[in-house]
Structure formats: C-alpha cells, structure tokens
Amino acid sequence: MERRKFIKKASVTGLSLVTMSSSLISKANSNKVKKGILPNKISTKPLVIATWRTPLAVNTAATLLEKGSSAIDAVEQGCRIEEADVKNQSVGKGGLPDRDGNVTLDACIMDDKGNYGAVLGVKNITHVISVARKVMEDTPHVMLVGEGAEQFAVNKGFKRENLLTESSKKAWEEWKVKSEYKPIINIENHDTIGMLAIDKKGNISGACTTSGLAYKMAGRVGDSPIIGGGLFVDNEIGGAAATGLGEEVLKTVGSFLIVELMRQGKSPQEACEEAIARIVSKPNSNYKNFQVGYIAVNKQGKTGAYSIHEWFSYNLYQKNENKNIKSDFYNKD
C-alpha cells in the first residue's frame, strides 16, 4: 500500500495510529518506504542531465556510460570539459575573477555510496573537479580549502597554471571602473555546471564545478561545493543539483531538500517546484531580482527541472539522444 493511501486510511479509521507504539510506527513507516516509495525497478539505461547548455560535457559523460563506465567517472570527465573551456567564464580556466583579480574555483563530487569530496577557493588549478574526487578517495576528509587544497592538488600531480585569461582580465578591468555588482537574471555575473548521471548498473553520481560569483569578495564561497546545497545524491532515491545565486540555494539547502521530497514520494519535477517555492515564499523574498534553477533525477530515471525565472535550460541525454531543454519556471508575470 502506498504511504499516502496508508495515512489517509489510518486517519479515517482513527485506529492504527492511535494504538501503535512508537517503535511499531517506526517499523511500519520503514516498511512502507522500502516497499512503496523506493522504486523496485531501476533504470538500466545510461542517463545524464546537466545545467544550462552543455552538450559537449553531457555527450562526453554519456559516451563513457555507453561504454560501461561508472557514473562517478562520467560526471568527473563531463565537468572537466567545461573547466577546460576558456570561453566559459563561469567555470575553470578563464573564469571571471574576484574583485582583487584572482580566479578561485570551487567543486564537489558525490558517488553512489554517499561519499563526498570538495575543494573551495582554489587558485592556479584548472580541474578542481578531479581534485575534489582525490579528496573524496585519498583523504579522511571531505573538504579542503584555499592554499591547502592547492598544495594537495600539486602533491597529487596537478600542475599550477594561470587561470586568468586575457578576456577575463579585460572584463575585470572594465568592472573596476565602477566596481558595482548588480545581479542580472540568468547571468548574475556567474554560473556553474551541475551534472547527474545514472550508469548501466543503475548507480547515481553527481558533480558540480564553478568559478563562483564574478567580482566577489575574496574568500566568498557559494552553494556549488557544499553538500546539500549545490549537489546531493542518495543512490536509493536520486540526485539534485542547483545553479543561480548560491546564497539563496544555501539558505534552503536546496539539493538536499529535493532528494528528501523525492524520498517522500514526490516526482523530480514536483520536488524541484517545491524547492523553488521555498525560496520565493520566504518573508521579504527578493526573488524577482535573482535566478535559481534546479535539476533532479530519481532512481527510475525520471527527471525534473524548475527555475524562478524564464530561460534556464538543461541538457539531457536519455535513450541515445542529447537535447537542450528549456525549463518551466515560477515567475510568469
């Protein structure tokens, strides 16, 4: 019996919930979750979903999955594509700097076993998603920051290089004329790539990498490398990733919220919509002036996406097709 129907029936009869002891309630709910909410059948077809228009990154991940690679390998290699693209000023090399002219990168990765690794505020290293994976697999920690993360990367064989391209340096110098920051919806002087994948074994992993808010205060970190904020994966349920103004994602722990809503029985689409509702319904929310978007996938391979404003999109690889899809959105005024 589905959990919702169980609760409805119990409330009508007024018997079971009144007489059960707390231990029996806990056991009953546990059984209902295992039998009713967690899908018995899992998707065995590879799937990749990633924020914004990222066809090459998604195709890279999908190609690996089709060859039998794991989801964790796929999301790492997919994100590396965007990190190496110097034309992408929101991720990796070529990212826009902080107000002092330093490019600092953030990334996190999470596997199907619940393991997590992250690096924050890293200078001089392009592929921070791979450094985050090294943190996850080769250290007893889950997060390294700043100079410590950079030194760890070098010790692991990553090469230091200048991340500030001439194009990004020019943009920074133009910004310094007025030194003003005003979020622009769907640009917001930053972005990120969040990616989720299901491999042929049905296992889910996710990754997220970004150069963060352009012209930010030195030391600022957004949601992208924070577990439960920019990314969360539970292999029994599904995964979610965020994009947009990280401060607002963190205040509602958005990606974790979406996975927990899916655990309660909501579809990925319903969960994304509820997570956006939590942001826009906050007292004195200034949501008309910033963007947040979410993507999600559940264990059955169903996906969802939703944003505050129009023009958020995502790339989805499923059934041998890689498509960019425009997300539905909240603010239709």
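Below is a summary of the structure that appears in this document. The structure displayed is predicted, hence computed values, not measured ones.

**Regarding the environment of Thr104**
- Structurally, Thr104 is set in the loop between α5 (71-84) and β2 (105-110).
- Taking the C-alpha atoms as reference, Thr104 lies 8.7 Å from Gly92; in sequence the two are twelve residues apart.
- When neighbours within four sequence positions are excluded, Thr104 is seen to be in contact with Gly121, Val122, Lys123, Thr210, Ser211 and Lys216.
- A distance of 3.0 Å separates polar atoms of two side chains, one belonging to Thr104 and the other to Lys216.

**Remarks on the side chain of His127**
- Summarising the element assignment, His127 is placed in the loop between β3 (116-122) and α6 (128-138).
- Judged by relative accessible area, His127 falls into the buried class, the value being 17%.
- When residues no more than four places from it in sequence are discounted, the contact partners of His127 are Arg80, Glu83, Ala84 and Phe158.

**Brief notes about helix α7 (residues 146-155)**
- Here α7 has its buried residues at Gly146, Ala149, Glu150, Phe152 and Ala153. Looking down the long axis of α7, one finds its buried residues gathered within 160 degrees of arc, a one-sided arrangement. Seen from the open side of α7, the exposed residues pointing more than 90 degrees away from its buried face are Glu147 and Asn155.
- Against β3, α6 and β4 (143-145) lie the buried residues of α7.
- Residue Gly157 follows α7 closely and has a positive phi angle near 100 degrees.

**Some details on the nonpolar core**
- Core analysis: the biggest nonpolar cluster contains 45 residues, and Leu231, Ile258, Val292, Tyr294, Ile295 and Ile308 have the highest contact counts within it.
- Here the element with the most residues in this core is helix α11 (residues 268-280); it accounts for six residues.
- Apart from the residues lying within four places of it in its own chain, the contact partners of Ile308 are Ile276, Ile279, Val280, Tyr287, Phe290, Gln291, Val292, Phe329, Tyr330 and Asn331.
- The next biggest cluster of nonpolar side chains, apart from the first, holds 38 residues, and it includes Ala74, Val128, Ile129 and Ala153.

**Quick look at the packing of α5 against α6**
- Running from amino to carboxyl end, α5 crosses α6 at an angle of 150 degrees, the nearest separation of the two axes being 8 Å. Facing Ile72, Asp73, Glu76, Cys79, Arg80 and Glu83 of α5, the residues of α6 in contact are Val128, Ile129, Ser130, Arg133 and Met136.

**Details of the packing of aromatic side chains**
- Under the defined criterion, the tally for this structure stands at four aromatic pairs.
- Relative to Tyr215, the ring of Trp175 lies with its centre 4.7 Å away and its plane at 15 degrees, an arrangement referred to as stacked. Remark: Tyr215 occurs in the loop between β6 (204-210) and β7 (231-234) and Trp175 occurs in helix α8 (residues 166-175); sequence separation between them is 40 residues. The two residues Trp175 and Tyr215 agree in class, both being buried.
- Centroid distance Phe232 to Phe256: 5.0 Å. Interplanar angle 80 degrees. Geometry classified as edge-to-face. You can see Phe232 sitting in strand β7 and its partner Phe256 sitting in helix α10 (residues 254-263), a full 24 residues away along the chain.
- Here the basic side chain of Lys176 rests over the ring of Trp172, its NZ or CZ set 3.9 Å away from the ring centre.
- Above the plane of the ring of Trp311 lies Lys326, whose end atom (NZ or CZ) is 3.8 Å from the centre.

**Some thoughts on the sheet that holds strand β8 (residues 238-244)**
- Spatial strand order, β7-β8-β9-β10-β13: five strands in an open sheet with mixed pairing. Looking at strand neighbours, the two that pair on one side only are β7 and β13 (328-329), the edges of this open sheet.
- As judged from the four bridges shared by β7 and β8, these two strands associate in the antiparallel manner. Paired with Val233 across the bridge in β8 is Gly239.
- Across the face of the sheet, α11 comes into contact with β9 (292-298) and β10 (303-307) while running at roughly 20 degrees to β10.

**Section: the pattern of salt bridges**
- A complete count under the given rule lists 17 salt bridges for this structure.
- Linking Glu137 and Arg133 is a salt bridge whose minimum nitrogen-to-oxygen distance equals 2.9 Å. You can see Glu137 and its partner Arg133 sitting in helix α6, four residues apart, about one turn around the helix.
- Overall, Glu137 belongs to the partly exposed group, its relative accessible area being 45%.
- Owing to a relative accessible area of 13%, Arg133 belongs among the buried residues under this scheme.
- A salt bridge links Arg220 to Glu247; its shortest N-O distance comes to 2.8 Å. Highlighted residues: Arg220 in the loop between β6 and β7 and Glu247 in helix α9 (residues 246-251), separated in sequence by 27 residues.
- Overall, the relative accessible area of 15% leaves Arg220 in the buried class.

Parameters and conventions
- Residues numbered from 1 in each chain as written.
- Predicted model: local features only at pLDDT ≥ 70, side-chain atom pairs only at ≥ 80, totals over all residues.
- Heavy atoms only, no water.
- Helix = DSSP H or I, 4+ residues; strand = E, 2+ residues; numbered from the N terminus.
- Contact = heavy atoms within 4.5 Å.
- Polar contact = N/O pair within 3.5 Å; in protein donor to acceptor, adjacent residues only side chain to side chain.
- Buried < 20%, exposed > 50% of the residue type's maximum accessible area, 1.4 Å probe, protein only.
- Arc of directions from axis to C-beta.
- Core = buried A, V, L, I, M, F, W, Y, C linked by side-chain atoms within 4.5 Å.
- Axes fitted to C-alpha atoms, helices over the stretch in contact; angles between N-to-C directions.
- Phe/Tyr/Trp six-rings, centres within 6.5 Å; stacked < 30°, edge-to-face > 60°.
- Lys NZ or Arg CZ within 6 Å of the ring centre and 35° of its normal.
- Pairing = 2+ DSSP bridges.
- Salt bridge = Lys/Arg side-chain N within 4 Å of Asp/Glu carboxyl O.

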